[in-house]
Amino acid sequence: MALIKLALDTRKNVKNRDGLFPIVLRVFHKKQSLIRLGHHTSINGWDDRNSRLKKSALVNRNINCDEINQELDGKLYAAKELVRELGSSIDKLDIQGFVDHIKEKWDYNPTSEVRHRIDNRISISEWGKVVIDRKKSADSPATAKWCQDGIDALVKFNKGKDVMLYDITVSFLKDFEAYHLGRGNSKNTISIYLRAIRSIYNNAIQEDRFIPIKNAFEHYRIPSGSRTKKRVVGKEKITAIKELHYEFGSPLWHTRNYVLIMFYCRGMNFIDLVKIKVKDISNGRLYYGRSKTGNPFSVKITEGLQIILDYYLKGKKPSEFLLPTNYDGSSKHYQKYKSQRRRMNERLKIIAKDAGIEGNFTTYYIRHSWATIAKYMGISTEIISEGLGHSSIRTTEIYLKDFDDHILDEANEMIVS
């Protein structure tokens, strides 16, 4: 196997007029050969451990170290790639023949792979950081975490090394998928990771930071996971929750109230609930913006909702949060919100049991239950979609597919009898 390394040729007889040494590609294949790369520096100006020019060295102050280091990395990469391409055929070449092939690969036409890689030296972590920082600045911490989880999964698969965007090929993605399937991860999990990676990858293309020879995601299909059966509770179970009695002011008492507020507000998300302020309630309506989409909502306050709100409104200023959870929606306090949501779901298990609801029951299922109950009451999918704030009827239809089997059986009996 050929050995290839960037190095500084420090032999005294190769110094240039300024007393600097040439940077070379040291190639060993049966014999050693040095290929000069057109750049010079001093011994102190060369980082031998990392094979790079030192930006801090005085001797390099008048040159663009970043640009030269990228060029050097590109040539090193191309030479090593040639070794992989040649495989066992490399044994048929002597050292001079191998060096000639390296130079040919470098001197290929302007659209060559080597030049392309040099022009596109940006990694998933580098561009991902840009995307994630923007999401954090826009107070979208959940999306930022989604992107970071995808990056972490990709880097872990690559044995802890960052992944250049040009290395994300169809074969690479198939290997990533196979790796996770082999470790027992679900297709849903793999899909979540890859959709995050695709988002970052395509964003780099859109902003002209990366020009792929072939967009890998246009030729690779992200695995579609099995649709998770959503737990839907009927109207009678919601009524059962209303009738539960807990000690006034206790955590379970508050949690029951939160469940009902969310249900009364057309299946409001928990993150939107905790961000409500007193000033958002006026003229018999509750106004809020959905965190996920930014869409504004206006809900008429029903009698049942007003009774609960009256307790939380008492003695508060317009600028104060309605509930003691008071999450401001910022990335800075996102961990605080996650802790609140976790405690909410833990208490929901108790409430579900007390209300006779079997199986798991979380804040998400409140939203899903509102949609399903509305459907069974004969409300059109279009109206339900508007109520949930979905951008398309298709999303709502997916919600409404998850009917419990016994409800479908009852409907079928009514139809065929």
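For the structure itself, look to the data block above.
Calculation criteria
Residues numbered from 1 in each chain as written. Predicted model: local features only at pLDDT ≥ 70, side-chain atom pairs only at ≥ 80, totals over all residues. Heavy atoms only, no water. Pairing = 2+ DSSP bridges. Helix = DSSP H or I, 4+ residues; strand = E, 2+ residues; numbered from the N terminus. Expected span 1.5 Å × (residues − 1). Buried < 20%, exposed > 50% of the residue type's maximum accessible area, 1.4 Å probe, protein only. Salt bridge = Lys/Arg side-chain N within 4 Å of Asp/Glu carboxyl O. Axes fitted to C-alpha atoms, helices over the stretch in contact; angles between N-to-C directions. Parallel < 35°, antiparallel > 145°, perpendicular 65-115°, else oblique. Left-handed = near helix turned anticlockwise from the far one by under 90°. Contact = heavy atoms within 4.5 Å. Patch = residues over 30% accessible without salt bridge, like charges linked within 9 Å, V, L, I, M, F, W, Y side chains within 5 Å. Areas by Shrake-Rupley, 256 points an atom, 1.4 Å probe, with all protein chains shown as cover. Lys, Arg positive; Asp, Glu negative; His and termini not counted. Charge placed at Lys NZ, Arg CZ, Asp CG, Glu CD. Phe/Tyr/Trp six-rings, centres within 6.5 Å; stacked < 30°, edge-to-face > 60°. Lys NZ or Arg CZ within 6 Å of the ring centre and 35° of its normal.

Peer 1: Lay out the pairing of strand 3 (residues 31-41) with the relevant residues and their values.
Peer 2: Alignment of strand 2 (residues 21-29) against strand 3, held across eight bridges, turns out to be antiparallel. When the bridges of strand 3 are listed, Val 24 appears paired with Arg 36. Hairpin connection from strand 2 to strand 3: one residue lie between these consecutive antiparallel strands, with Lys 30 at a positive phi of about 75°.

Peer 1: Any details on helix 13 (residues 363-376)? Residues and values, ideally.
Peer 2: The terminal C-alpha atoms of helix 13, which comprises 14 residues, lie 21 Å apart, in line with the 20 Å expected from a rise of 1.5 Å per residue. The buried fraction of helix 13 is high, at 11 of 14 residues. Within the span of helix 13, buried status applies to Thr 363, Tyr 365, Ile 366, Arg 367, His 368, Ser 369, Trp 370, Ala 371, Thr 372, Ile 373 and Ala 374.

Peer 1: Could you give an account of the pattern of salt bridges, with specific residues and numbers?
Peer 2: A side chain of one charge can pair with a side chain of the opposite charge when the charged atoms of the two come close. Taken as a whole and assessed by the stated rule, the structure comprises nine salt bridges. One salt bridge connects Glu 81 with Lys 105, and the closest N-O pair in it is separated by 3.5 Å. On the criterion of sequence distance, the pair formed by Glu 81 in helix 1 (residues 65-86) and Lys 105 in helix 2 (residues 95-106) is long-range, its members being 24 residues apart. By relative accessible area, which is 10% here, Glu 81 ends up buried.

Peer 1: Provide a residue-level description of the packing of helix 1 against helix 2, including the pertinent values.
Peer 2: For the pair helix 1 and helix 2, interaxial distance at closest approach is 10 Å and the crossing angle is 120°. What the angle tells us is that helix 1 and helix 2 run oblique. Two packed elements cross with a definite hand, and for helix 1 against helix 2 that hand is right-handed. Seen from helix 1, the contacting residues are Lys 75, Ala 78, Ala 79, Glu 81, Leu 82, Val 83, Glu 85 and Leu 86; seen from helix 2, they are Phe 98, His 101, Ile 102, Lys 105 and Trp 106.

Peer 1: With reference to specific residues and values, describe the sheet that holds strand 3.
Peer 2: Pairing in this open sheet of three strands is antiparallel, and the strands run 1-2-3 from one edge to the other. The open sheet has two edge strands, strand 1 (3-8) and strand 3, and neither has a second partner. In this sheet, neighbouring strand axes are inclined to one another by 20° on average, regardless of whether the strands run parallel or antiparallel. Inspection of the sheet shows strand 1 paired to strand 2 by six bridges, in the antiparallel sense. Looking at the pairing, Leu 8 lines up with Ile 23 of strand 2. Across the sheet, helix 1 touches strand 1, strand 2 and strand 3, and the angle it forms with strand 1 is around 160°. The strands touched by helix 2 within the sheet are strand 1, strand 2 and strand 3, with strand 3 carrying the most contacts at an inclination of about 35°.

Peer 1: I'd love a proper account of a negative patch on the surface, names of residues and values included.
Peer 2: On the surface, a cluster of negative charge is contributed by Asp 94, Asp 100, Glu 104 and Asp 107. Within the fold, Asp 94 resides in the loop between helix 1 and helix 2.

Peer 1: Tell me about the packing of aromatic side chains, residues and numbers included.
Peer 2: Per the counting criterion, the structure on display carries 15 aromatic pairs. Where Phe 157 meets Phe 172, the ring centres are 5.3 Å apart and the plane angle is 80°; that geometry is what we call edge-to-face. Of this pair, Phe 157 sits in helix 5 (residues 141-157) while Phe 172 is found in helix 6 (residues 170-182), placing the two residues 15 residues apart along the sequence. No difference in accessibility class separates Phe 157 from Phe 172, as the two residues are buried. Aromatic pair Trp 253 and Tyr 311: ring centres 4.9 Å apart, planes at 85°, arrangement edge-to-face. With Trp 253 in helix 9 (residues 251-264) and Tyr 311 in helix 11 (residues 303-313), this pair connects stretches of sequence that are 58 residues apart. Since its relative accessible area comes to 13%, Trp 253 is described here as buried. Note on Tyr 311: relative accessible area 31%, which makes it partly exposed. Site record: aromatic cluster; members linked through ring pairs are Phe 248, Trp 253, Tyr 258, Tyr 311 and Tyr 312. The residue whose ring lies beneath Arg 84 is Tyr 77, and the NZ or CZ to ring-centre distance is 5.5 Å.

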